[in-house]
Amino acid sequence: MSPETVGPARCACGHAEKGAAPRPARAWLQGSAILLLWLAAYLSLAPLARWAAYRLLPLAPQTHLGSSVEFLLYEFPKVLLLLTLIVFIMGIIRSFFTPQRTRSILAGQRESVGNVLAALLGIVTPFCSCSAVPLFIGFVTAGVPLGVTFSFLISAPMVNEVALVLLFGLFGWKVAALYAGTGVAIAIAAGWTIGRLKMEGQVEDWVYKARATADAPEGSQQWPQRVAAGREAVCDIVGMVWPYILAGIAVGAGIHGYVPQDFMAALMGKDAWWSVPVAVALGIPMYSNAAGIVPVILALIEKGAALGTALAFMMSVIGLSLPEAIILRKVLKPKLIAVFFGVVGAGILVVGYLFNFIF
Amino acid sequence: MKIEIFGTGCPKCHTAEKVIREVLTEMRQDAEVVKITDIQQIVERGVMWTPAVMIDGRKVCEGKVPTAAMVKEWLSGPA
């Protein structure tokens, strides 16, 4: 969670959308038409990229330059199309889960069930890293158990839709699913562990004294607003991350054609068992948003880094960061921050070794 | 009129302030704009999600950067 996290930050407050709502039938028709167009565009990308690389440009399919250019012309629009669709859908899903609603769902939960719910809600609840502390206090003072609150705070940045789409687009669905699954698992396990350790005394005293204000009743949103929220998320997130993705894929494309495959194998390959802890440790002081880091991961893997090692690095960069520790220091005593980093770091280690073992 | 902007100082909070100040200038309206960056204060005012905006103590927006259109509506509506 960094101040720059592109992430989940849209909300549901007072949309001033006026004007006649479109009739449902017409809206559905429009939606389906757009989806069909999307599908047609997605399916025609591969032939279009080939045509552009070898017909429009005077390149030959067997050359390094040719295959690099084809890679770029295919992968970039593909990832962008996928990202637009997923971010739009996430924007709509998020309009159902405001933090206030999430908090009231979690406040009544027992620990174990609560950890699972919190980790899942962390994926869909919009929140920007600057809100970590107010959210933390809002949750704790409303009676959400400490461990459950942590499950939420861990999963929200760790399981990120931009990272998910990039992994899916560049590595396939298995890697993407493992990433999402293990990210949620870490959030559940780490939150549960922190709950078991009875760390309530390690929260700064003023937190519990803070007044939990009653929520103002929220106006329920209608579908046109939800769709607008989805569109807004697309403008916001896709508009912000596309240069990173383009740069990353361009680097990937360059490597694709030129750099030898096993360039990084000795340093970050499967045989270097120590590379996973080193990757996690290196990732903590670094922080970046998911869009910035995934292309780096792609480059590392293209050069022979083991998938688990590279993913552990990525999770450490986006899930654990020093600036976050400094922000959280206002509400947590140092011991609890150390436990938080220790438990999540251990979880990431396990995931790194697991990926290296499976792939 | 008193406009309070709640945020710990991330880019979004700065944007929120900028939007509000721009609209105020454009509408030639005078208001006291206060930025509240202290976490303790933010929490005590019942804000869970930054950036948030309160006008004369009433929360009008939470968790997002308001658009110029939204700000205009708050300023011209019954405050």
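Above this note sits the structure.
Below is a short write-up of the structure.

Reading the values: rules and limits
- Residues numbered from 1 in each chain as written.
- Chains lettered and ligands numbered in written order.
- Predicted model: local features only at pLDDT ≥ 70, side-chain atom pairs only at ≥ 80, totals over all residues.
- Heavy atoms only, no water.
- Helix = DSSP H or I, 4+ residues; strand = E, 2+ residues; numbered from the N terminus.
- Rg over C-alpha atoms; globule rule 2.2 N^0.38 Å.
- Contact = heavy atoms within 4.5 Å.
- Areas by Shrake-Rupley, 256 points an atom, 1.4 Å probe, with all protein chains shown as cover.
- Lys, Arg positive; Asp, Glu negative; His and termini not counted.
- Charge placed at Lys NZ, Arg CZ, Asp CG, Glu CD.
- Axes fitted to C-alpha atoms, helices over the stretch in contact; angles between N-to-C directions.
- Parallel < 35°, antiparallel > 145°, perpendicular 65-115°, else oblique.
- Left-handed = near helix turned anticlockwise from the far one by under 90°.
- Nonpolar A, V, L, I, M, F, W, Y, C, P; charged D, E, K, R; others polar.
- Salt bridge = Lys/Arg side-chain N within 4 Å of Asp/Glu carboxyl O.
- Buried < 20%, exposed > 50% of the residue type's maximum accessible area, 1.4 Å probe, protein only.
- Pairing = 2+ DSSP bridges.
- Patch = residues over 30% accessible without salt bridge, like charges linked within 9 Å, V, L, I, M, F, W, Y side chains within 5 Å.
- Expected span 1.5 Å × (residues − 1).
- Arc of directions from axis to C-beta.
- Core = buried A, V, L, I, M, F, W, Y, C linked by side-chain atoms within 4.5 Å.

Side note on the overall build of chain B
Inference 1: Along the backbone of chain B there are three helices and four strands.
Inference 2: Across chain B, helices and strands are ordered from the amino to the carboxyl terminus as β-α-β-α-β-β-α.
Inference 3: The globule rule puts the C-alpha radius of gyration for 79 residues at 12 Å, and the 11 Å found for chain B is close to it.
Inference 4: Put simply, of all contacts in chain B between residues at least 6 apart along the chain, 60% involve residues at least 24 apart.
Inference 5: Of the roughly 3,600 Å² of accessible surface on chain B, 47% is carried by carbon and sulfur atoms.
Inference 6: The positive charge centre, built from 11 side chains, and the negative charge centre, built from 11, are 5 Å apart in chain B.

What about the packing of helix H7 (residues 146-158) of chain A against helix H17 (residues 334-358) of chain A?
Residues and elements named next belong to chain A.
Inference 1: Across the interface, H7 lies against H17 with an axial gap of 12 Å and an inter-helix angle of 55°. It follows from the interaxial angle that H7 and H17 lie oblique. At the point where H7 passes H17, the crossing takes the right-handed sense. Packed against H7, whose contacting residues are Leu-146, Phe-150, Ile-154 and Met-158, the element H17 presents Leu-336, Phe-340, Val-344 and Ile-348 at the interface.
Inference 2: Among the residues forming the contact of H7 with H17, the class breakdown is eight nonpolar, no polar and no charged.

Overview of unusual backbone geometry
Inference 1: Here the residue pair Thr50(B) and Pro51(B) is connected by a cis peptide bond, since its omega of -10° sits within 30 degrees of zero.
Inference 2: As for its placement among the helices and strands, Pro51(B) is situated in the loop between helix H2 (39-44) and strand E3 (52-55).

Side note on the pattern of salt bridges
Residues and elements named next belong to chain A.
Inference 1: Within the structure shown, the criterion is met by 10 salt bridges over all chains.
Inference 2: A salt bridge links Arg-94 to Glu-161, with the nearest nitrogen and oxygen atoms 3.1 Å apart. Here Arg-94, found in helix H3 (residues 64-94), pairs with Glu-161, found in helix H8 (residues 161-171); they are 67 residues apart in sequence, far enough to count as distant.
Inference 3: On the accessibility criterion, Glu-161 (6% relative accessible area) is buried.

Structural notes on the pairing of strand E4 (residues 58-62) of chain B
Sheet faces and side chains relate simply in a regular strand, where the side chains alternate between the two faces.
Residue and element names in this part refer to chain B.
Inference 1: As defined by bridge partners, E3 adjoins E4 across four bridges and the pair is classed as antiparallel. By the bridge assignment for E4, Ile-55 is matched with Arg-58.
Inference 2: Adjacent in sequence and paired antiparallel, E3 and E4 are bridged by two residues, among which Asp-56 carries a positive phi angle near 45°.

Some details on a nonpolar patch on the surface
Residue and element names in this part refer to chain A.
Inference 1: A cluster of nonpolar side chains, Leu-48, Trp-51, Leu-56, Leu-57 and Leu-73, forms an exposed patch at the surface whose accessible area comes to about 480 Å².
Inference 2: With three residues, helix H2 (residues 45-56) is the single largest residue contributor to the nonpolar patch.
Inference 3: Locating Leu-48 in the fold gives a position in helix H2.

Describing helix H1 (residues 11-26) of chain B
Residue and element names in this part refer to chain B.
Inference 1: Taking 1.5 Å per residue, 16 residues should reach 22 Å; H1 reaches 22 Å between its end C-alpha atoms and fits that length.
Inference 2: Buried within H1 we find Lys-12, Cys-13, Ala-16, Glu-17, Val-19, Ile-20, Val-23 and Leu-24. Buried positions in H1, seen along its axis, are confined to an arc of 160° and lie on one side of it. When the buried face of H1 is taken as reference, the exposed residues oriented beyond 90 degrees from it are Lys-18, Thr-25 and Glu-26.
Inference 3: Once H1 ends, the next one or two residues include Arg-28, with phi positive near 50°.

Let's talk about the environment of Glu324(A)
Residues and elements named next belong to chain A.
Inference 1: Topologically, Glu-324 is positioned in helix H16 (residues 322-328).
Inference 2: By relative accessible area, Glu-324 is classed as buried at 3%.
Inference 3: Through-space distance from the C-alpha of Glu-324 to that of Val-133 is 9.7 Å; in sequence the pair is 191 residues apart.

Some thoughts on the packing of helix H5 (residues 111-124) of chain A against H7(A)
Residues and elements named next belong to chain A.
Inference 1: In contact at an axis separation of 7 Å, H5 and H7 are set at 25° when each is read in the N-to-C sense. In this view, H5 runs roughly parallel relative to H7, as classed from their interaxial angle. Between H5 and H7 the crossing geometry is right-handed. Residues Glu-111, Gly-114, Asn-115, Ala-118, Ala-119, Leu-121, Gly-122 and Ile-123 of H5 pack against Gly-147, Val-148, Ser-151, Phe-152, Ser-155 and Ala-156 of H7.
Inference 2: Of the residues belonging to the contact of H5 with H7, the class tally is seven nonpolar, six polar and one charged.

Things to note about the nonpolar core
All names here are of chain A.
Inference 1: Counting 98 residues, the largest nonpolar core has Phe-136 and Ile-137 as its most contacted members.
Inference 2: Element by element, the count of residues in this core is highest for H17, at 10 residues.
Inference 3: Leave out the neighbours within four places in its chain, and Phe-136 touches Leu-146, Thr-149, Phe-150, Leu-153, Val-203, Val-331 and Leu-332.

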